[in-house]
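Coordinate analysis (summary)
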Amino acid sequence: MTDALTIAGRTFRSRLIVGTGKYKSGQETAHAIESSGAEMVTVAVRRVNLDRSKESLLDFIDPKQYFLLPNTAGCYTADEAIRTARLGREVGLSDWVKIEVIGDQATLYPDTQATLEATRVLVKEGFTVLPYTTDDIVVAKKLIEAGASAVMPLGAPIGSGLGIQNTANIRILREMITEVPLIIDAGVGTASDATVAMELGADAVLMNTGIAHAGDPILMAEAMKHAVLAGRQAYIAGRMPKKLYATASSPLEGVVR
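Let us look at the structure shown here. Just so it is clear, the model here is predicted, and its values are computed rather than measured. Throughout this description, residue numbers start from 1 for each chain and increase along the sequence as written. pLDDT decides what is reported in this predicted model: residues at 70 or higher carry local features, side-chain atom pairs at 80 or more are listed and counted, and totals for whole chains, interfaces and linings draw on all residues regardless. To get the side-chain values, all heavy atoms of the structure are used, and hydrogens and water are removed first.

Next up on the list: the packing of helix α4 (residues 137-145) against helix α5 (residues 167-176). In contact at an axis separation of 10 Å, α4 and α5 are set at 35 degrees when each is read in the N-to-C sense. The crossing of α4 and α5 is right-handed. Every residue of α5 that contacts α4 at Ile137, Ala140 and Lys141 is listed here: Ile172, Leu173 and Met176. All residues other than Ala, Val, Leu, Ile, Met, Phe, Trp, Tyr, Cys, Pro, Asp, Glu, Lys and Arg, Gly among them, are scored as polar; the first ten of these are nonpolar and the last four charged. Classifying every residue of the contact of α4 with α5 gives five nonpolar, no polar and one charged. Axis angles are defined between N-to-C directions and span 0 to 180 degrees, where every axis is a line fitted to C-alpha atoms and, for a helix, only to the segment in contact. Comment: elements are numbered from the N terminus, with helices defined as DSSP H or I runs of at least four residues and strands as E runs of at least two. By the definition used in this description, the sense in which the near helix is turned from the far one sets the handedness, with an anticlockwise turn below a right angle giving left-handed and a clockwise turn giving right-handed. Pairs of residues are marked as contacts when any of their non-hydrogen atoms sit within 4.5 Å.

A few words on the packing of helix α6 (residues 191-199) against helix α8 (residues 217-237). Each pair of packed helices gets described by two things: the angle between the helix axes and the distance between those axes. Look at α6 against α8: their axes get within 7 Å of each other, and the N-to-C directions meet at 25 degrees. The angle between the axes of α6 and α8 places the two elements in the roughly parallel class. Of the two possible hands of crossing, α6 and α8 adopt the one that is right-handed. Judged by residue contacts, Ala191, Ala194, Thr195, Met198 and Glu199 of α6 engage Met220, Ala223, Met224, Ala227, Val228, Gly231, Arg232, Ala234 and Tyr235 from α8. Among the residues making up the contact of α6 with α8, the classes are represented as ten nonpolar, two polar and two charged. Throughout, the term roughly parallel applies to angles under 35 degrees, roughly antiparallel to angles over 145, roughly perpendicular to angles from 65 to 115, and oblique to all others.

The next thing to look at is the pairing of strand β7 (residues 128-133). A large share of β7 lies buried, amounting to six of its six residues. Each residue is placed in one exposure class: buried if its accessible area under a 1.4 Å probe, protein chains only, is under 20% of its type's maximum, exposed if it is over 50%, and partly exposed if it falls in between. Residues Thr128, Leu130 and Tyr132 point to one face of β7 and Val129, Pro131 and Thr133 to the other, with burial holding for every one of them. Strands pair, by our definition, only if DSSP identifies at least two bridges between them. Strand direction decides the pairing type here: strand β6 (residues 96-99) and β7, joined by four bridges, are parallel. Its bridge partner lying in β7, Lys98 is registered against Leu130. Between β6 and its parallel partner β7, the chain crosses via helix α3 (residues 112-124), and the hand of that crossover is right-handed. Crossover handedness is defined here as right-handed if the route from the first strand over the helix to the second strand goes clockwise, with the strands pointing away from the viewer. Handedness of the crossover joining β7 and strand β8 (residues 152-153) through α4: right-handed.

Another aspect to go through is the nonpolar core. Counting 43 residues, the largest nonpolar core has Ile177, Met207, Ile211 and Met224 as the members making the most contacts within it. Per element, the largest residue contribution to this core is five residues, and it comes from α8. Other than its neighbours up to four places away in sequence, Ile211 contacts Val18, Tyr23, Ala32, Pro217, Met220, Ala221 and Met224. Ranked by size, the runner-up nonpolar core spans 14 residues in total, among them Ile17, Phe67, Leu69 and Trp96. Only buried residues count toward a nonpolar core, which is a set of Ala, Val, Leu, Ile, Met, Phe, Trp, Tyr and Cys residues joined through side-chain atoms within 4.5 Å.

For the rest of this paragraph, the subject is α5. Among the residues of α5, those classed as buried are Ile170, Leu173 and Arg174. The arc enclosing the buried residues of α5, seen along the axis, measures out at 100 degrees, which places them on a common side. Structural note: α5 exposes Arg171 and Glu175 on the side pointing more than 90 degrees away from its buried face. Among the structural elements, α4, β8, β9 (183-185) and α8 are those in contact with the buried residues of α5. When we speak of the arc, we mean the arc of directions from the helix axis to the C-beta atoms.

One speaks of a salt bridge when a side-chain nitrogen belonging to Lys or Arg is within 4 Å of a carboxyl oxygen belonging to Asp or Glu. As enumerated under the stated definition, the model contains eight salt bridges in all. The residue Arg232 makes a salt bridge to Asp3 at a minimum N-O spacing of 2.8 Å. Of this pair, Arg232 sits in helix α8 while Asp3 sits in the segment before β1 (5-7); the two residues are 229 residues apart in sequence, bridging distant segments of the chain. You can call Arg232 buried: its relative accessible area is 13%. One salt bridge connects Glu125 with Arg86, and the closest N-O pair in it is separated by 2.5 Å. Of this pair, Glu125 sits in the loop between α3 and β7 while Arg86 sits in helix α2 (residues 78-90); the two residues are 39 residues apart in sequence, bridging distant segments of the chain. Classification of Glu125 as partly exposed rests on a relative accessible area of 29%. Beyond isolated ion pairs, a larger network of salt bridges with shared partners links Asp3, Arg15 and Arg232.

Given below as C-alpha cells:
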C-alpha cells in the first residue's frame with residue numbers, strides 16, 4: 001500500500017473502480033469484479049432490490065469484501081438524485097454516493113448545474129459525494145468548493161468505449177486539481193484506454209461497459225487491473241522526453257572505424 005488511493009480519508013489499494021451493470025448474470029458480475037482486483041464497486045440504487053424479497057445484485061457482492069458505492073444512475077434532476085442518495089443510505093447501503101444527474105439522453109452527458117446543486121445538498125447532509133461531471137475545470141472547481149470528495153470527469157460518453165477524447169483537458173484538470181482525487185469515469189473501452197488515463201495523471205479509473213461488454217469479461221477485468229497499475233507506475237516513473245530525431249541506444253565510444 002505504498003501508493004494507495006485515499007478518498008475522504010479512506011484508503012484503497014486498487015485504483016480501479018468497477019460498476020455492476022450490463023453483465024449476463026450475477027455470477028458473471030461476481031467473477032469479473034474478483035478478476036479486476038477492485039475494492040470499490042458501484043451499485044445503482046434503482047437496480048437493487050432493497051427489500052431483498054427476490055434475487056438482487058447484493059446476493060453476489062459481499063459488502064464485507066468490497067466497498068459499495070451507491071450511484072444515482074437514471075436520475076435527470078437534482079431532486080431525483082438527492083432522493084435516491086437518501087434512499088440508499090436509509091436502507092443501509094452507504095453514506096457515500098456517486099452522483100449522476102443526466103442532462104442529455106442521447107449522449108448521457110451530465111447536467112452540471114443539477115449535479116452541483118445535488119452535491120451541495122448532500123454534502124450538508126453528511127454524505128461523501130463523488131460527482132460524475134464533464135472535463136471542465138470551472139465546473140470541477142465549483143464541485144470542490146461545494147464539498148465533493150473527488151472529481152470524476154468523463155473520458156468519453158458513457159458506454160461508448162471511445163477512450164480518452166480530450167487529453168488536453170484531462171492534463172489541465174490534473175495540473176489544477178490537487179485538493180481531491182481525479183477519477184476518470186466513463187468512456188474506457190479497452191486496457192490501453194485505462195493506461196492512457198492513468199498516464200495522464202488520473203488517480204483512479206471507474207469503468208463498467210468496457211469490462212461487461214467485452215468478449216470475455218473475466219479476462220478483460222484482469223487486463224484492466226494490469227492496465228491501471230502499469231499506467232500509474234509509468235506516470236510516477238515519468239516518461240522520457242519526446243524527440244524529433246533518433247538517439248543511439250549504445251555509446252559511440254569504442255566503435256570500430
